Amino acid sequence: MDKSEALCALQHAVEERLLTPSALKNIELWLNAPQYAPYVDEILNLVQSQSWKELDDAFWTIIPFGTGGRRGRMYPVGTNVINDVTIGESAQGLASYTLEYLEKEGISRRPSCAIAYDTRHRSRHFAELCAGIMVANGFKVWFLDGFRSTPEMSFMVRYKECDCGIMVTASHNPPSDNAVKVYWNTGGQALFPHDEGIIRKVMSLESVRKVSFDDALKSGDIEYCQDEVDQAFIDAVLKISLPGSRDLHVVYSPLHGVGASCVLPVLEKAGFENVELFGPHAEPSGDFPNVPNHVSNPENPAVFDMIIDYARQKGGIDLILATDPDSDRLGVAAPLSFEEGSVWKTITGNQIAALMAEYLLSARKAAGTLSPENYVVETLVTTPLVKRIGDAYGVRTINDLLVGFKFIGGAIEENGPENFVFGAEESYGFLIGAHARDKDAAAAALTMCELAAAAKSQRKTIHDKLEEIYAKYGRHDEKAFSLVMTGSEGTAKMSALLERFQKNPPKSVGGMEVVRIRDYEHATQTDVLSGKQTPLVGPRGKLVVWELSEPGNFIAARPSGTEPKIKFYLFAALPPGVEGNLDDHLARVENDLRALI
C-alpha cells in the first residue's frame, strides 16, 4: 500500500465512522511531513490491516499536559500516545519556552536542566532523548544516572539552581504507560503562565533539535551528578526528623520502583535500624510483577495483601510502608493491636493526612515552635479534617486548591517556605519540609515511622491514634471511585457527564438534598432551591462540588488530569461525640450516584 491508497482508505474509514476526522487530519500530517518520514511504514501497515481503533486512539487528538505533565500509553506512532515524537516535542517545547523566558527576563547565562527517570520500560531511553534535545538547544544537563525518585528530581532542580527539569515517569499507571513531568525553576511542576507557555510552544513546533546523548556526555554538556545529589537530598530530608523512639519493626515495599534509593537510606540514617525490604517487590521492574493487575499503586489496598500475609506469618511487625514506582506517594498498613494474630488494615490517604497533621502540629506546639504564621496546605478534594486540626492549633489551612500537587508547591512559593508545615492530597501525596516542591514519599515515610514509634511507646497503634483524632474532632470518612472513558468517544462522554453535574443535579443523593453547586470551571455557585447564582471565589478548573443538606457531606467530580477517567469524591462527617456508621452512609451515596451516571 502506498500513501495515496492509504489516504483513500482513511477517508473511507471516516465516512464509515470508523475513524474520527481529527484522527485523519493528524495521520495525513504524519504521512506527508518530512520530520515524520521514519514512521510512515508503520502507519501504512496499520492502515492496510484496517486497525482503525488503534489508529483513532493514537491520532484523534494531541496528548495534553495535565496535572502531572504529559502522560499516556506508549505506542510507536501517534499524537495521543507516548513515543519518541511526543516526548521529544515535550522536551523541545520546554526548551524553547525556557529560552524565551530567560531572554525576556534579560538573563544571559547558559541555561540548565535537571533530568531523572524511574524503572518503567523505555524510561532511560526517553530520559536520554530529552537530555540530547536540551543540549541541542544550548542547555547544560544535570543527569541522575540510575533509577531515582520524583522528589529527588524536584530537589535537584533547586539544589543545582536549574531553570527547568524533566522527570520521566508515569507514576502509578499500568506498565503500558509512560510520561514526562515538567518542572520549573522552583522545583515544582510548571504552573500558569509557564505551563500554558510550554504547551503553546509544543503545539507550534516545526522541528525538534537533537544531539547524541553519548556525544553530549563526553563533551561535558551532560553531567552525571547522582552521588552528590543523593547525599544532599537525603541530608535535606533528614532535617525534618523529630526526636523520639526508634523502636519500630517496619516492612517496606518499593513496589518494583525507585523507592529503595531514597526511603531506605533516609530511615536508616534517622535511626530506624529494623526496616526490612520486602523481597517479592524489591526488583526494579517496569512489568511490576507480584502486584495485582501489575499496577503498583499504594492507593489500592490489594497491593498490601501479600505483604500483610508475610507480616502476620513472621510476627512482630509494627508497620508496612509501600511507595509507588517514582516514590512520591506513600501507602500504609498496620495491625489493629499488638496482640499476636491481630487483624491488619490499610489506612487511606486522607487518614494519613490527618495523622500527620495532628502529629506534626502537636510536636511543634510542644517544642514551642508553632505560631499563627504557620500553615498547612491541602486540595479541595482532601479531607476537611485537616483544616479542623489546623484550626484547633491556631494555624492557617490553605485548602482552596485544585487537584495536583503542583498547586501545593505553588502555594508554598506564594506563602513562603519558612512557615510551611505540611502539604497533603487525598491521593497519598505528602510533603514535610521545604527541600522539594513536590510530594515526597521518603519524607512521608520518615514522619510516619516517627509517628508510629511514638504511638508504640504509648502501647498504641496508628489506628488507635486515628480513633483519638476522631474523638477530638469528629469522625470523618471519605470514598472515591472512577469511571474509565478512553478514546475520542470516552472524552465526549466525560464532557457530557461533567456538564450534567454542573447544570442538572438530582434533588437528593443518599437521602440528603443537594443544596448548592460549586462549579469551579465557570466560577459560579448556585443555590439549588432558589436557583440563585453568585460568583465563586477560588481557582478555575474542571471541578464540580455538590453540597448536601447534612453538614460535612458533599460530593466532588472532576476529569483526571493524567488518565482517561472521571473521578468522584464522597465526603461525610459527624460532630465530636456523635457516633454513626459512615461506611454504610457513603455506600448509599455511592449507589445513588452510580445510578445517576
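Just so it is clear, the structure is predicted and the values come from calculations on it, not from any experiment.

Chemist: Hey, could you run me through the overall build of the chain in this one?
Modeler: Helix and strand counts for the chain come out as 19 helices and 23 strands. Taken over C-alpha atoms, the radius of gyration comes to 25 Å for the chain, in line with the 25 Å a tight globule of 597 residues would show. Along the first, second and third principal axes, the C-alpha set of the chain runs to 75 × 60 × 55 Å. Taking all 597 residues of the chain together, 58% fall into the buried category. Taking all contacts inside the chain whose residues are at least 6 apart in sequence as the whole, residues at least 24 apart take part in 68%.

Chemist: Is there a simple way to explain helix α1 (residues 3-15) in this structure?
Modeler: Structural remark: α-helix, 3.6 residues per turn; residues separated by three or four positions point the same way. Helix length check: α1 (13 residues) gives 18 Å between terminal C-alpha atoms against 18 Å at 1.5 Å per residue, within 8%. Among the residues making up α1, those that are buried are A6, L10, A13 and V14. End-on, the buried residues of α1 take up no more than an arc of 100°, which puts them together on one face. In α1, the exposed residues that point more than 90 degrees away from the buried face are C8 and E15. The elements touched by buried residues of α1 are α2 (21-32), α3 (40-48) and α4 (52-59). Just downstream of α1, R17 is the residue with a positive phi angle, here 60°.

Chemist: What am I meant to see in the sheet that holds strand β9 (residues 319-323) here?
Modeler: Paired through backbone hydrogen bonds, the strands of a sheet run either parallel or antiparallel to each other. Here 5 strands make up an open sheet; going across it, the order is β8-β7-β9-β10-β11 and the pairing mixed. On the outer flanks of this sheet lie β8 (275-277) and β11 (344-347), each paired with one strand and no other. Adjacent strand axes in the sheet meet at a mean angle of 25° when their direction is disregarded. In this structure, strand β7 (residues 250-253) lies alongside β8, joined through 3 bridges in parallel fashion. Among the inter-strand pairings, Y252 is bridged to a residue of β8, identified as L277.

Chemist: I keep staring at the packing of aromatic side chains and nothing clicks. Help me out?
Modeler: Two measures describe an aromatic ring pair: the distance that separates the ring centres and the angle between the ring planes. Applying the stated rule across the entire model yields 18 aromatic pairs. Their ring planes at 20° and their centres at 5.4 Å tell us that F155 and Y159 sit as a pair that is stacked. Of the two residues, F155 and Y159 are both situated in helix α7 (residues 150-159); the distance of 4 residues between them amounts to about one turn of the helix. The exposure class of F155 is buried, given its relative accessible area of 7%.

Chemist: How should the pairing of strand β23 (residues 565-573) be read in this particular structure?
Modeler: Remember that side chains alternate between the two faces of the sheet whenever the strand is regular. Of all 9 residues in β23, 9 are buried; the element is thus mostly enclosed. Burial along β23 is two-sided: K565, K567, Y569, F571 and A573 and I566, F568, L570 and A572, pointing in opposite directions, are all buried. Pairing analysis gives 9 bridges linking strand β16 (residues 476-484) to β23, with the strands arranged antiparallel. Looking at β23, one finds that K479 is bridged to L570. Across 6 bridges, strand β22 (residues 554-559) lies against β23 in antiparallel orientation. Paired with F554 across the strands is F571, a residue of β23.

Chemist: Can you help me understand the sheet that holds strand β3 (residues 140-143) in this one?
Modeler: Strand order in this open sheet of 6 strands is β1-β5-β4-β2-β3-β6, and the pairing throughout is mixed. Either end of the sheet is taken by a strand with one partner, and the two such strands are β1 (70-73) and β6 (222-224). Averaged over all pairs of adjacent strands, the angle between their axes in this sheet comes to 15°, without regard to strand direction. As paired strands, strand β2 (residues 112-117) and β3 are joined by 4 bridges and run parallel to one another. Along β3, the bridge assignment pairs S112 with K140.

Chemist: What should I look at first to understand the pattern of salt bridges in this one?
Modeler: For side chains bearing opposite charge, pairing can occur when the charged atoms are close. Under the defined criterion, the tally for this structure stands at 36 salt bridges. In this structure, K160 and E228 form a salt bridge, with 2.9 Å as the shortest nitrogen-oxygen distance. Of this pair, K160 sits in the loop between α7 and β4 (164-168) while E228 sits in helix α10 (residues 226-238), placing them 68 residues apart in sequence. Taking the relative accessible area as the measure of exposure, K160 reaches 17% and is therefore buried. Here E468 and K465 are joined by a salt bridge, their closest N and O atoms 3.1 Å apart. Of this pair, E468 and K465 both sit in helix α17 (residues 462-473), separated by 3 residues, roughly a single helical turn. Taking the relative accessible area as the measure of exposure, E468 reaches 32% and is therefore partly exposed.

Chemist: Even after reading the chapter, I still don't get the nonpolar core, so can you show me in this structure?
Modeler: As a rule of thumb, soluble globular proteins bury nonpolar side chains together. The biggest cluster of nonpolar side chains holds 72 residues, and the ones touching the most others in it are L319, L321, M356, F422, M448 and I462. Per-element accounting of this core gives the leading share, 11 residues, to helix α16 (residues 441-457). When sequence neighbours within four positions are dropped, the list of residues in contact with L319 reads L248, H249, V250, V251, V332, A333, A334, W344, M448, C449, A452 and I462. Core analysis: the next-biggest nonpolar cluster, separate from the first, contains 34 residues, V141, C164, V182 and F213 among them.

Chemist: Hey, could you run me through the pairing of β2 in this one?
Modeler: Along β2, 6 of the 6 residues are buried, which leaves the element largely enclosed by surrounding structure. Burial along β2 is two-sided: S112, A114 and A116 facing one way and C113, I115 and Y117 facing the other are all buried. Alignment of β2 against β4, held across 5 bridges, turns out to be parallel. Looking across to β4, one finds that C113 is bridged to C164.

Chemist: I'm lost on the side chain of T169 in this one. Help?
Modeler: The residue T169 is located in the loop between β4 and β5 (177-184) in this model. Given a relative accessible area of 0%, T169 falls into the buried group. A distance of 2.9 Å separates a polar side-chain atom of T169 from the backbone nitrogen of S171. Not counting residues up to four positions away in its chain, the partners in contact with T169 are D118, R120, T150, N178, A179, V180, K181 and D326.

The rules behind the values
- Residues numbered from 1 in each chain as written.
- Predicted model: local features only at pLDDT ≥ 70, side-chain atom pairs only at ≥ 80, totals over all residues.
- Heavy atoms only, no water.
- Helix = DSSP H or I, 4+ residues; strand = E, 2+ residues; numbered from the N terminus.
- Rg over C-alpha atoms; globule rule 2.2 N^0.38 Å.
- Buried < 20%, exposed > 50% of the residue type's maximum accessible area, 1.4 Å probe, protein only.
- Contact = heavy atoms within 4.5 Å.
- Expected span 1.5 Å × (residues − 1).
- Arc of directions from axis to C-beta.
- Pairing = 2+ DSSP bridges.
- Axes fitted to C-alpha atoms, helices over the stretch in contact; angles between N-to-C directions.
- Phe/Tyr/Trp six-rings, centres within 6.5 Å; stacked < 30°, edge-to-face > 60°.
- Salt bridge = Lys/Arg side-chain N within 4 Å of Asp/Glu carboxyl O.
- Core = buried A, V, L, I, M, F, W, Y, C linked by side-chain atoms within 4.5 Å.
- Polar contact = N/O pair within 3.5 Å; in protein donor to acceptor, adjacent residues only side chain to side chain.

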